[in-house]
Protein chains: 2
Amino acid sequence: MLDLATLARARQACASRECWSPFPEMPNKYPDADTAAPAGKAAFEALLGQPFALDLPGVTGRAGEEISPYTQQPLGLTYPQADPDRLFAAARAALPGWAAAGIDTRLSLLIEGLDRLYRDHLFTLVHAVMHTAGQSYNMAYAGSGVNALDRGIEALVYAEQAMRSVAPQASWARRFGPSEIRLDKTYRLIPRGVAVCFTCASFATWNAWPSILASLATGNAVIVKPHPASVLPMAITVRVLRDLLAERGFDPDLVTLCVDTVAQPLGKILVKHPGCAIVDFTGSARFGQWVEANAHPAIAFTETSGCNTVVLAGAEDLDAAIRALATTMCLFSAQMCTSPQNIYLPPMIDTPAGPVPRDTVAAKLAGAIASLTADPRRAAMILATVQSPQTLALIDGMRDQAAARGRVLLDSRRYEHPDFPGARTATPLLVQLGKDARDLYAEERFGPIGFVIDCDSAADALEQATADARAGGGITGFVYARDEDFIARAEAAYARAGAQLTVNLTGAMPLNFAAAYSDYHVTGLNGAGNATLTTLAFVAPRFAVAQSRRPAAGAA
Amino acid sequence: MLDLATLARARQACASRECWSPFPEMPNKYPDADTAAPAGKAAFEALLGQPFALDLPGVTGRAGEEISPYTQQPLGLTYPQADPDRLFAAARAALPGWAAAGIDTRLSLLIEGLDRLYRDHLFTLVHAVMHTAGQSYNMAYAGSGVNALDRGIEALVYAEQAMRSVAPQASWARRFGPSEIRLDKTYRLIPRGVAVCFTCASFATWNAWPSILASLATGNAVIVKPHPASVLPMAITVRVLRDLLAERGFDPDLVTLCVDTVAQPLGKILVKHPGCAIVDFTGSARFGQWVEANAHPAIAFTETSGCNTVVLAGAEDLDAAIRALATTMCLFSAQMCTSPQNIYLPPMIDTPAGPVPRDTVAAKLAGAIASLTADPRRAAMILATVQSPQTLALIDGMRDQAAARGRVLLDSRRYEHPDFPGARTATPLLVQLGKDARDLYAEERFGPIGFVIDCDSAADALEQATADARAGGGITGFVYARDEDFIARAEAAYARAGAQLTVNLTGAMPLNFAAAYSDYHVTGLNGAGNATLTTLAFVAPRFAVAQSRRPAAGAA
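Note that the structure is a prediction, hence the values are computed from the model and not measured.

Cut-offs and rules
- Residues numbered from 1 in each chain as written.
- Chains lettered and ligands numbered in written order.
- Predicted model: local features only at pLDDT ≥ 70, side-chain atom pairs only at ≥ 80, totals over all residues.
- Heavy atoms only, no water.
- Helix = DSSP H or I, 4+ residues; strand = E, 2+ residues; numbered from the N terminus.
- Rg over C-alpha atoms; globule rule 2.2 N^0.38 Å.
- Buried < 20%, exposed > 50% of the residue type's maximum accessible area, 1.4 Å probe, protein only.
- Contact = heavy atoms within 4.5 Å.
- Core = buried A, V, L, I, M, F, W, Y, C linked by side-chain atoms within 4.5 Å.
- Pairing = 2+ DSSP bridges.
- Axes fitted to C-alpha atoms, helices over the stretch in contact; angles between N-to-C directions.
- Buried area = accessible area lost by both parts, 1.4 Å probe.
- Salt bridge = Lys/Arg side-chain N within 4 Å of Asp/Glu carboxyl O.
- Polar contact = N/O pair within 3.5 Å; in protein donor to acceptor, adjacent residues only side chain to side chain.
- Nonpolar A, V, L, I, M, F, W, Y, C, P; charged D, E, K, R; others polar.
- Least-squares fit on C-alpha atoms with pLDDT ≥ 70 in both.
- Expected span 1.5 Å × (residues − 1).
- Phe/Tyr/Trp six-rings, centres within 6.5 Å; stacked < 30°, edge-to-face > 60°.
- Lys NZ or Arg CZ within 6 Å of the ring centre and 35° of its normal.

1. Focus on the overall build of chain A
In terms of helices and strands, chain A carries 17 helices and 19 strands. The C-alpha atoms of chain A give a radius of gyration of 25 Å, which matches the 24 Å a tight globule of 556 residues would have. Dimensions of chain A, computed from C-alpha atoms along their principal axes, come out at roughly 85 × 65 × 45 Å. Taken across its 556 residues, chain A has 64% of its residues classed as buried. Residue pairs at least 24 apart in sequence account for 74% of intrachain contacts in chain A once pairs closer than 6 positions are excluded.

2. Focus: the nonpolar core
Formed by 256 residues in total, the largest nonpolar core has its most connected members in Leu-257 and Val-279 of chain A together with Leu-257 and Val-279 of chain B. Leave out the neighbours within four places in its chain, and Val-279 of chain B touches Val-196, Phe-198, Val-271, Val-291, Ala-295, Ala-298, Ile-299, Ala-300 and Phe-301 of chain B.

3. Things to note about the sheet that holds strand β6 (residues 221-226) of chain A
Residues and elements named next belong to chain A. Strand order in this open sheet of 5 strands is β7-β6-β5-β8-β9, and the pairing throughout is parallel. Two strands in the sheet have a free side with no partner beyond their single neighbour: β7 (255-257) and β9 (299-303). Along the sheet, successive strands turn relative to each other by an average axial angle of 15°, direction set aside. Here β6 runs beside β7; their pairing, made up of 3 bridges, is parallel. Among the inter-strand pairings, Val-222 is bridged to a residue of β7, identified as Val-255. Sitting on the sheet, helix α3 (residues 84-101) touches β5 (194-199), β6, β7 and β8 (276-282), and the angle it makes with β5 is about 130°. Sheet contacts for helix α6 (residues 204-217): β5, β6, β7, β8 and β9; angle to β5, the most-contacted strand, approximately 175°.

4. Some remarks on the pairing of strand β8 (residues 276-282) of chain B
Residue and element names in this part refer to chain B. Counting buried residues along β8, 7 of its 7 residues qualify, which places the element largely inside the surrounding structure. Where strand β5 (residues 194-199) meets β8, 5 bridges bridge the pair, whose relative direction is parallel. In the strand pairing of β8, Ala-195 is matched with Ile-278. Bridging between β8 and strand β9 (residues 299-303) involves 5 bridges; their strand directions are parallel.

5. What about the interface of chain A and chain B?
Listed by partner, the interface residues are 72 residues for chain A and 72 residues for chain B. Here chain A and chain B share an interface that buries about 6000 Å² over both sides, 55% of which is from carbon and sulfur atoms. The largest contributions to the chain A side of the interface with chain B come from Gln-547, Arg-549 and Arg-550 of chain A, which together make up 11% of the buried area. The partner of Arg-549 of chain A in a salt bridge is Asp-519 of chain B, with the nearest N and O atoms 2.8 Å apart. Seen at the junction of chain A and chain B, the total is 36 residue pairs in polar contact (both at pLDDT 80 or more). For the side of chain A that touches chain B, the per-class residue count stands at 39 nonpolar, 19 polar and 14 charged. Inspection of the sheet shows strand β18 (residues 500-503) of chain A paired to strand β19 (residues 543-551) of chain B by 2 bridges, in the parallel sense. Opposite Thr-502 of chain A, over in β19 of chain B, you have Arg-549 of chain B as the bridge partner.

6. Let's talk about the pattern of salt bridges
Pairs may arise between side chains of opposite charge once their charged atoms sit close together. Here the structure, examined in full by the defined rule, presents 66 salt bridges over all chains. Here Arg-174 of chain B makes a salt bridge to Glu-25 of chain A, at a shortest N to O gap of 3.4 Å. Residue Arg-174 of chain B is found in strand β3 (residues 169-176), and its partner Glu-25 of chain A is found in the loop between α1 (4-16) and α2 (33-47); the two belong to separate chains. Looking at Glu-25 of chain A, the relative accessible area reads 32%, which means it is partly exposed.

7. With respect to the relation of the copies chain A and chain B
Its rotation angle being 180°, the transformation that places chain A on chain B also includes 0.0 Å of axial translation and leaves an RMSD of 0.0 Å. Here the copies are linked by what is in effect a two-fold axis. It is Ala-537 of chain A whose C-alpha, among those of chain A, lies nearest the rotation axis, at 3.2 Å. Of the residues that chain A buries at the interface, 100% are likewise interface residues in chain B, meaning the two copies contact each other through the same surface.

8. Examining the side chain of Ser-202 of chain A
Residue and element names in this part refer to chain A. Tracing the backbone through its elements, the reader meets Ser-202 in the loop between β5 and α6. According to the relative accessible area criterion, Ser-202 is buried, its value standing at 9%. The contacts of Ser-202, once residues within four sequence positions are left out, are Ala-133, Gln-135, Phe-332, Gln-335, Gln-387 and Phe-446.

9. Focus on helix α7 (residues 232-247) of chain B
All names here are of chain B. The end-to-end C-alpha separation of α7 is 22 Å, in line with the 22 Å expected for 16 residues at 1.5 Å each. Among the 16 residues that make up α7, 12 are buried, leaving the element largely enclosed by the rest of the structure. By the burial criterion, the buried members of α7 are Leu-232, Pro-233, Met-234, Ala-235, Ile-236, Thr-237, Val-238, Val-240, Leu-241, Arg-242, Leu-244 and Leu-245. Phi turns positive, to about 85°, at Gly-249, one or two residues after α7.

10. Brief notes about unusual backbone geometry
All names here are of chain A. The omega angle of the peptide bond from His-296 to Pro-297 is 10°, so this bond is cis rather than trans. Structurally, Pro-297 can be placed in the loop between α9 (285-294) and β9. Here the phi dihedral of Ser-333 falls at roughly 50°; this positive angle occurs in a residue that is not glycine. Along the polypeptide, Ser-333 turns up in the loop between α10 (318-330) and β11 (342-345). For Ser-333, a relative accessible area of 0% translates into the label buried.

11. Observations regarding the sheet that holds β3 of chain B
The sheet built from 10 strands is open, its strands ordered β14(A)-β15(A)-β16(A)-β11(A)-β10(A)-β17(A)-β18(A)-β19(B)-β4(B)-β3(B) with mixed pairing. Two strands bound the open sheet, and with one partner strand each, they are β14 (407-410) of chain A together with β3 of chain B. Sheet twist, expressed as the average angle between the axes of neighbouring strands with direction ignored, equals 25°. In this structure, strand β15 (residues 429-433) of chain A lies alongside strand β16 (residues 449-454) of chain A, joined through 5 bridges in parallel fashion.

12. Remarks on the packing of aromatic side chains
Geometrically, a pair of aromatic rings is defined through the distance of the ring centres and the angle of the planes. Scanning all chains against the criterion turns up 40 aromatic pairs over all chains. Their ring planes at 50° and their centres at 6.4 Å tell us that Tyr-441 of chain A and Phe-451 of chain A sit as a pair that is tilted. Residue Tyr-441 of chain A is located in helix α14 (residues 438-441), and its partner Phe-451 of chain A is located in strand β16; the two are separated by 10 residues in the primary sequence. For the residue pair Tyr-441 of chain A and Phe-451 of chain A, the accessibility class agrees, reading buried in each case. Ring geometry for Phe-203 of chain B versus Phe-332 of chain B: centroids 6.3 Å apart, planes at 65°, classification edge-to-face. Of the two residues, Phe-203 of chain B sits in the loop between β5 and α6 (204-217) while Phe-332 of chain B sits in the loop between α10 (318-330) and β11 (342-345), which places them 129 residues apart along the sequence. The structure contains a cluster of three or more aromatic residues connected by ring pairs, namely Phe-23, Tyr-30, Tyr-118, Phe-123, Tyr-137 and Tyr-141 of chain A. Here the basic side chain of Arg-17 of chain A rests over the ring of Tyr-187 of chain B, its NZ or CZ set 5.5 Å away from the ring centre.

Quick look at the structure:
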């Protein structure tokens, strides 16, 4: 069970950045998994086709347009739609009691909130994520489940650290001329107000939970604005937190849900609302940049897209490097903001057996991806499904343009999902281009689309990759090289470009796996977003310090 | 001598928020003051009428338009003017070496920078502040001297705390299926880039030193953009830091000066420059709000103006409360962002001797101010001079409007400064208005202008005062009351309004004295600015974390 002792242990992990988690990493290790897993699935199925029961202030109607990527059929769920003015008013009214509750009370309640999500709802969430985001069962459990819960705990650790850095009170005495002034001072933590948390369609919980908890821990209220295609994981989250708040005597309107539709989006209305004090945004680069530029006077924390780059200059074990790359490029059909997209290759790749020509390496990569996706059962585990039909259109467009300006190394195709015959699927498209096609590859092309880019040399590959990461907003970068000087230059160049770097990694870990308590996610130094999971800068601006001072009792 | 041990002691003071300073509080306690004080004055006088020697990149000409408020004569100093593009380019080129220097090296150098300002230049700075800002000798020593240095040390404490919260490296190991992945991780602190620090005319060093040091400590470069009326204190600061950087083998272009003129301001050009990553701004509310709204993608830290409010509901010693208020309203002719401006009075003020009618209290306040300013020598010590001729015009305008809509309790007049017959001076204007004149008083009227506002009751006075503080941007608030319940409500109301509160203070300490290491300055919760001296939120966003991870040596 999670409690304040868990938080103390997590604090230690954040300091050492060692590997730690209170959760089992695989679904079969979940306590009593044989019962819990089917019960969660049944609970999910019982929700389908029904109005989702959620009490909210200011309800004006219902909406719901989720479609399962696994069946391409509507989930049939509807959610209450609430008037934004009423949500802000209710949240503001709820603030004073929550702010007054103090650090310990808020932290214990929130850690219990995570515990309830884990113990009572995890497998329901797993299926909710599968049938909205389209992730595989294992990824929905790990990436969107326990690892996202870990990110939430981590946000609590940093929120606590920032809040504890302010003394609650002080005694102060100083001589002014002949007299001594003695003052008692009280320092209050004042939450900034009402936060709006935008969550994305493909990986909602992983950013949402830390953002929501960072705001709540520091005393704010949160209006969660989910992407209309992925509401259910957030609706469950909001209901769990509201129930818990109410049980503990707090106003449940500290956490509400604002559901909108693709046709009638409410995002800009929420951001520009006079009651909006904090915006957390995960989503498109275009809207994210609008948020950053327009949120004022609200403060904004954004994570948008990743133009993620790989420099393959050399490898001790070329086949292992290519297998690792191929696997990670296939993982969840590259619909993660950390998925590698662009592979920059010099004319010759350095290996212990001598230089290997670029086209050989490109062909090996295409072959590895083809091999990974050949068997439908294996493809289903790795690729899962494609969240949005727009991604299929993007693949078609990129194939046509790449064929005209370069060559298609591996075409994308639908694969037959063994369990869901109606699943929306696509194997990766891999194309090879020259630097003259930078307009095609130097931004995020969301989905299973990879670019092999011909560079003049290893140094040129590094320069191109880091320039594109800086300009296009890279979240992750990957380098394979045998030359330590080159690796040192790459580390410096990627740090300047603002992408988190992984060097020479092969083996069973997905290259883009980001571990809570250990891996920083997004630097804030390029267009991929301005906030990092998790630093003090992610939590400290969410509250202010108001002081009151007066002569000490008995002072002159 | 200041060193890293000083910083350790300061860290302790920031945690306990007790009274502490490594500096003597009064100029006569300065080491060897009898020699140092005249030597500093002579050094200042030697600068007058000369081109100020400062080596900068990209110099295109010289400018200087400072006029002493004590003589109303030009100082005759000119400063090099540099091309902003060249300043940004030079600063960017200087960044890598400074970022690579590491936390300890940067902190030791910067603490030595403060030490040099204190030991070698303090009395020169005192006269520079007097003859640009117009402060008194004692205030220039204390508020703009040692207390401002303290604020700088405090910024280093928080910068260190934020930076140390990031481990420099980690070992991480986790099982993925059958294999164990072991990674070595390195976390680098990446400065955000080039900061622009805007400093104000009347109190430059107090905000500038902490801002400059917060940026430099976290690895950034700083372009200092002083108000054209108060360049000299910043020019001295920049020269000291540049010399020190160069002596220690760093590029001096980490700190440069960008001098502009009233006719040709460069502020917006600097903020919108693509090289600008951080803006620190102290100055007008109007430009400050433009900075907050337009700095993106740079981050902005602002402190603008204060519509500072006093609720006088009751007092144990009414005369003492009125003396304290009168003194603080006179201090530096109320040209501090913390000066009280609006006195909200109920019809009757509660005292141990029974209720005292409002008009009696208003008359007592006017009398106390008149008495404090009657003797020119005493007036000179408290009021000092008026920084800008515009302030005299504002006084005239307010007098005319207040006479038409309320009444003038005490008129403003010039007083004869005993040492400087040409000084620009003005005693405070005190007017009495009803709530219908809110358009006159509900914003900062910079300078010696006070408003007594007739309220319906003590509760109404508190409501009016905190509403005006919230809407008009209050930095400080002051309450006098005998009823503890009322005080508790006032504490909550001022915290919500975002003004730092002082309750029932009388005696020798100026009511608006803000002690480094103890008093938080600006909450960030209203229009008076978005940044607080000093919290983690003031420093943590100035750097990012970039990581690199790779298989541990000897790992599979």
